[in-house]
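Residue strings, one per chain:
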Amino acid sequence: MHSSEFDDDDAAAFAGGGFMPSQATQGPDSSFYSSKNRDAQVLLPLTIKQISDAFQSSDDKSNMIIDGVDVTNVTLVGRVCNKAGRITDVAFVLDDGTGRIECNKWLQEAVDSIEMEGISDGMYVRLHGHLKGFQGKMTVNVFSLRTRDEGVPRELIARQLGIPLDKLMLAIKNLIEEGAIYEAIGLGNSYRLGWVHVRVFYSVSQWEARPKIGVRPSYSD
Amino acid sequence: MDTSNPAVFVNAELLRLYVGRRVRAVMQVIRSDAGAVIGKSTDEKQIVVKGLPPPGPLTNFVEVIGIADSDKSIHAEIWTNFGDSIDTFSYNKLCQLANGEFKPLFL
């Protein structure tokens, strides 16, 4: 039974699609769910043991199936080991207690370097990435990873950008006042800016001028 | 990929099944004695953890990874602070499921 707070005047609120309370008696018809969505790539939480077993029992290593689902994007939780930073990418091994798998994170933007600089051996991370088979072994091409302490230490951002910490904090304060980012929650010396992961790109013209830090929001789950 | 050296999720009850093997356990730190930390497992029993803790204070809950050297003790190689509170019920359930119904996903 639908709540009576949705009367006919509010029907326009649903005009863009979604559930129509007045059609409560109709079941969802099959065209409501586009068949394209069913075949969309899924994100699979896996253990490394699961990946290893599937790899060994799979004839077609580039199209593995686990539990009836094509394995493309995966999410893993584990400890970072043997981190090796190179110019274009960072390689490490993820150990989740069931096994170890090699991971690779390409450094395409400044924010990638900042993110990876905050990661060190022994840290627990959750990562999202794509499984790739190459020369008989699997690696994870990492899209994103985060630690339990979300966010990046502000000193690290300031150092990477080459600007003084107080100028960085002033810029962040300005962005908060402009409504571009949400209120910061201080966690010791690292900041988690609301539910927006700060993607920092910058141009610093002069020390006197406010450093312009743009924010491109991405959604953390 | 290398699955040759897993660390089994254990609580106190499961620890005895894996003596001599590599295990991981989350416990609440009760006190530190000479050379050992006494902890309470997620199934409310006492575990002794030997080995050298890392420098710095231990939080209330700690995960240790190491070799089970008896049915009541672990020789820890790796210690990780897990903070002041965790959901011990869920972790305990995880230990049971990872060694029972879903063991093939882990070992």
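Since this is a predicted model, take the numbers as computed values, not measurements. (Residues numbered from 1 in each chain as written. Chains lettered and ligands numbered in written order. Predicted model: local features only at pLDDT ≥ 70, side-chain atom pairs only at ≥ 80, totals over all residues. Heavy atoms only, no water.)

*Asks:* Got a minute to help me understand unusual backbone geometry in this structure?
*Replies:* Where the residue is not glycine, phi is negative for most of them; where a peptide bond is considered, it is trans in most cases. All names here are of chain A. Positive phi values are uncommon outside glycine, yet Asp67 reaches one of about 55 degrees. Despite not being glycine, Asn82 has its phi angle at roughly 50 degrees, a positive value. Structurally, the position occupied by Asn82 is in strand β4 (residues 73-85). (Helix = DSSP H or I, 4+ residues; strand = E, 2+ residues; numbered from the N terminus.)

*Asks:* Got a minute to help me understand the nonpolar core in this structure?
*Replies:* Side chains of nonpolar character tend, in soluble globular proteins, to be buried together. The biggest cluster of nonpolar side chains holds 27 residues, and the ones touching the most others in it are Leu76, Phe92, Ile101, Leu127 and Leu131 of chain A. When contributions to this core are tallied by element, the ones reaching two or more residues are α2 (48-57), β4, β5 (89-95), β6 (100-106), β7 (124-134) and β8 (137-147) of chain A. For Leu76 of chain A, the residues in contact, after removing those within four places along its chain, are Leu46, Ile51, Leu94, Ile101, Val125, Arg126, Leu127 and Val140 of chain A. Grouped together as the second largest cluster of nonpolar side chains are 25 residues, Phe9, Met27, Ile47 and Val62 of chain B included. (Core = buried A, V, L, I, M, F, W, Y, C linked by side-chain atoms within 4.5 Å. Buried < 20%, exposed > 50% of the residue type's maximum accessible area, 1.4 Å probe, protein only. Contact = heavy atoms within 4.5 Å.)

*Asks:* When you look at the layout of surface pockets in this model, what are you seeing that I'm missing?
*Replies:* Leftover empty space is mapped by rolling, across the atoms, a probe with the size of a water molecule. Put simply, the second largest pocket is a space of about 500 Å³. At the level of secondary structure, the elements contributing two or more residues to the lining of the second largest pocket comprise β4 and β7 of chain A together with α2 (88-99) of chain B. Of the residues forming the lining of the second largest pocket, the biggest block, 4 residues, is contributed by β4 of chain A. When grouped by side-chain class, the residues that make up the lining of the second largest pocket number 12 nonpolar, 5 polar and 4 charged. (1 Å grid on protein atoms, 1.4 Å probe; cavity = no way out; pocket = protein on both sides within 12 Å on 5 of 7 lines; lining within 4 Å. Points joined across faces, edges and corners; volume = space filled by probe spheres on them. Nonpolar A, V, L, I, M, F, W, Y, C, P; charged D, E, K, R; others polar.)

*Asks:* Explain the pattern of salt bridges here, please?
*Replies:* Close approach of charged atoms allows side chains with opposite charge to pair. Residues and elements named next belong to chain B. Taken as a whole and judged by the stated rule, the model has 10 salt bridges over all chains. Here Glu44 ties to Lys40 by a salt bridge, and the two come within 3.6 Å at their closest N and O atoms. Judged by relative accessible area, Lys40 falls into the partly exposed class, the value being 28%. (Salt bridge = Lys/Arg side-chain N within 4 Å of Asp/Glu carboxyl O.)

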